Amino acid sequence: YFFLHSNPPKTSPHSLLLPHLNGLVHVKNPYLESMDEDVLYHFSLGTKTHNLPVMFGDIKFICVGGSPNRMKAFAQLMHKELGLEGDGKDLKDICAGTDRYSMYKAGPVLSITHGMGVPSISIMLHELIKLLHHAKCRDVTIIRIGTPGGIDPGTVVITDIAVDSFFKAQFQQVILDNIVIRSTELDKDLVEELLNCSKEIHDFPTLTGHTMCTYDFYEGQGRLDGALCSFSNEKKLEYLKRAYDAGVRNIEMESTVFAAICRLCGLKAAVVCVALLNRLEGDQIKAPHEVLVEYQRRPQHLISIFIKKPNQHLWHYCSSLNFSKHR
Ligand SMILES: O=P(O)(O)O[C@H]1O[C@H](CO)[C@@H](O)[C@H]1O
Ligand SMILES: O=c1cc[nH]c(=O)[nH]1
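Bear in mind the structure is a predicted one, so any value in this text is a computation, not a measurement.

A. Expanded view of the overall build of the protein. For the protein, the count of helices and strands is nine helices and 13 strands. Across the 327 residues that make up the protein, the buried fraction comes to 50%. The long-range fraction of contacts in the protein, counting pairs at least 24 apart against all pairs at least 6 apart in sequence, stands at 76%. As displayed, the protein has an accessible area near 15,600 Å², and 55% of this comes from carbon and sulfur atoms.

B. Molecular detail of the pattern of salt bridges. Across all of its chains, the model carries 13 salt bridges by this definition. Linking Glu238 and Arg242 is a salt bridge whose minimum nitrogen-to-oxygen distance equals 2.7 Å. Here Glu238 pairs with Arg242, and both are found in helix α6 (residues 233-245), just four residues apart, close to one helical turn. Residue Glu238 is classed as partly exposed on the basis of its relative accessible area, which comes to 37%. As a salt-bridge pair, Asp283 and Arg279 come within 2.8 Å of each other at their nearest N and O atoms. There is no split in this pair, since Asp283 and Arg279 are both buried. Here the residues in one salt-bridge network are Arg144, Glu252 and Glu254, joined through shared partners.

C. Seen up close, the site of ligand 1. Around ligand 1, the structure places 13 residues, and the nearest of them are Gly66, Arg70, Arg144, Thr147 and Glu254. In this structure, an oxygen atom belonging to ligand 1 sits 2.5 Å away from a side-chain N or O atom of Thr147. Within the complex, the protein chains bury 87% of what would otherwise be the 350 Å² of accessible surface of ligand 1. Of the residues belonging to the shell around ligand 1, the class tally is three nonpolar, six polar and four charged.

D. Focus on the UniProt feature "domain: Nucleoside phosphorylase" (unreviewed entry) in the protein. The positions UniProt marks with the feature "domain: Nucleoside phosphorylase" (unreviewed entry) are residues 60-307. Annotated as 34% helix and 25% strand, the span residues 60-307 places its first and last C-alpha atoms 9 Å apart.

E. Just the confidence of the model for the protein, in detail. Overall, the prediction assigns the protein a mean pLDDT of 91, with 88% of residues at 70 or greater. Low pLDDT, under 50, characterises residues 1-20; the stretch is placed with 40 contacts to residues that sit more than four places away or in other chains. Overall, residues 322-327 carries pLDDT values under 50, and its contacts beyond four positions in sequence, including any with other chains, amount to twelve contacts. Confidence metrics for the complex model read pTM 0.91 and ipTM 0.99.

F. Region of interest: the site of ligand 2. Close contacts around ligand 2 come from Thr147, Pro148, Gly149, Phe217, Gln221, Arg223, Ile251, Glu252, Met253, Leu277, Arg279 and Ile285, and that covers them all. Here an oxygen atom of ligand 2 and a backbone polar atom of Gly149 are 3.4 Å apart. A distance of 2.6 Å separates an oxygen atom of ligand 2 from a polar side-chain atom of Arg223. When ligand 2 sits alone it has 230 Å² of accessible area, and the protein chains cover 91% of it. Grouping the amino acids of the shell around ligand 2 by side-chain chemistry returns six nonpolar, three polar and three charged.

G. How the structure looks around the packing of helix α5 (residues 188-198) against helix α8 (residues 289-308). At a minimum axis distance of 9 Å, the contact between α5 and α8 shows a crossing angle of 105 degrees. If you check the angle between α5 and α8, you find them roughly perpendicular. For the pair α5 and α8, contact is made by Leu190, Glu193, Leu194, Cys197 and Ser198 and by Leu302, Ile303, Ile305 and Phe306, respectively. Residues belonging to the contact of α5 with α8 are distributed by class as follows: seven nonpolar, one polar and one charged.

H. View of empty space enclosed by the protein. Summed over the entire model, instances satisfying the criterion amount to one cavity of 30 Å³ or more. What lines the largest cavity is simply Gly150, Ile151, Leu240, Ala243, Tyr244, Val248, Arg249, Asn250, Ile251, Arg279 and Leu280. With four residues, the top contributor of residues to the lining of the largest cavity is strand β12 (residues 248-252). Partitioned by chemical class, the residues of the lining of the largest cavity number seven nonpolar, two polar and two charged.

I. Just the packing of aromatic side chains, in detail. Under the criterion given, the structure shown has four aromatic pairs. Ring centres 5.9 Å apart and planes at 75 degrees place the aromatic pair Phe43 and Tyr101 in the edge-to-face group. In this pair, Phe43 sits in the loop between β1 (39-40) and β2 (45-46) while Tyr101 sits in the loop between α3 (68-81) and β4 (103-106), placing the two residues 58 residues apart along the sequence. For the pair shown, Phe43 and Tyr101 are each scored as buried. Ring centres of Phe167 and Tyr239 lie 5.6 Å apart, and the angle between their planes is 25 degrees; on these two criteria the pair is classed as stacked.

J. Structural context of the UniProt feature "binding site: phosphate" (unreviewed entry) in the protein. When the UniProt feature table is mapped onto this chain, "binding site: phosphate" (unreviewed entry) is found at Arg100, Arg144, Ile145, Gly146 and Thr147. Looking at where Arg100 falls in the secondary structure, it is placed in the loop between α3 and β4. Structurally, Ile145 can be placed in strand β6 (residues 141-146). Residues in contact with Ile145, not counting those within four places in the same chain, are Cys63, Val64, Gly65, Arg70, Met71, Phe74, Val272, Pro299, Gln300 and Ile303.

Basis of the calculations
- Residues numbered from 1 in each chain as written.
- Chains lettered and ligands numbered in written order.
- Predicted model: local features only at pLDDT ≥ 70, side-chain atom pairs only at ≥ 80, totals over all residues.
- Heavy atoms only, no water.
- Helix = DSSP H or I, 4+ residues; strand = E, 2+ residues; numbered from the N terminus.
- Buried < 20%, exposed > 50% of the residue type's maximum accessible area, 1.4 Å probe, protein only.
- Contact = heavy atoms within 4.5 Å.
- Areas by Shrake-Rupley, 256 points an atom, 1.4 Å probe, with all protein chains shown as cover.
- Salt bridge = Lys/Arg side-chain N within 4 Å of Asp/Glu carboxyl O.
- Near = heavy atom within 4 Å.
- Polar contact = N/O pair within 3.5 Å; in protein donor to acceptor, adjacent residues only side chain to side chain.
- Nonpolar A, V, L, I, M, F, W, Y, C, P; charged D, E, K, R; others polar.
- UniProt positions renumbered as here; feature names shortened; annotations may be inferred.
- pLDDT = per-residue confidence, 0-100.
- Axes fitted to C-alpha atoms, helices over the stretch in contact; angles between N-to-C directions.
- Parallel < 35°, antiparallel > 145°, perpendicular 65-115°, else oblique.
- 1 Å grid on protein atoms, 1.4 Å probe; cavity = no way out; pocket = protein on both sides within 12 Å on 5 of 7 lines; lining within 4 Å.
- Points joined across faces, edges and corners; volume = space filled by probe spheres on them.
- Phe/Tyr/Trp six-rings, centres within 6.5 Å; stacked < 30°, edge-to-face > 60°.

Now the structure itself:
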């Protein structure tokens, strides 16, 4: 089924190592192939209106994050770091036809926003994975770069396990009126590779830990400053300390569904986030704007080191475009 609609398999050291179908993403929907057109509505892209293999066929790395400015800045950083031609400042939003998501491309790197929360990132991932399928992309690594609440502001956490509000490594997907439990296991080798890259950075600490994903910023994360609050400060702290004891080092709103969907579709995935505040000390994000901007560059810096590592899939790209002279 998958091979009928794809290019002849290529062999590379990576595709031998990965448990993927020769590096292709898995779309697990038998209806897709019978559709004569697939409109990726929230991207304002489609299989009849756009030549997706030409536009996206060379993608090897995808970074996703909540906000348009962050994801544009990351694409510009990669444009510069990869020595691509032209001024990265004028990178165009590929999804300009919609204001749901923004998408920027810098060579083999795609940078996309996902908005806030599980439903928003889930819609984005469905359309992104179909896009990768239609574009016949291979050996793609996807990384969420986020800005959650944590313990030590400015510390970068590479997620080893994404857990739900009950500290379980699972995501509950409601399908029709059934609840399906999906694993949120992430790629352990990728965690190690990223941790190794972090050793080259001496300006800020990086560690591994569990990331807790909630359905809400306020009550779901034990905040006392929402419009509704029905628990005491003691209860909040008791919950956050239990989370800490269970291994949780940061709290955000997308990691479990991100891990679950990427895993099911054969994408090598990681979550790398910088903590904006210490949740044991407060709820409001009060750090000055410049500090927050500098913090959110930290995961980007780490990921740029990772992408530029000579053993990354980039060598495919470099050799096909004779691009290695830029590195
Ligand atoms: O980590 P980023 O993408 O900034 O997103 C985090 O910030 C938002 C809440 O402010 C949530 O979406 C949470 O996951
Ligand atoms: O505390 C925080 C900060 C950012 N994003 C979250 O989801 N939680």
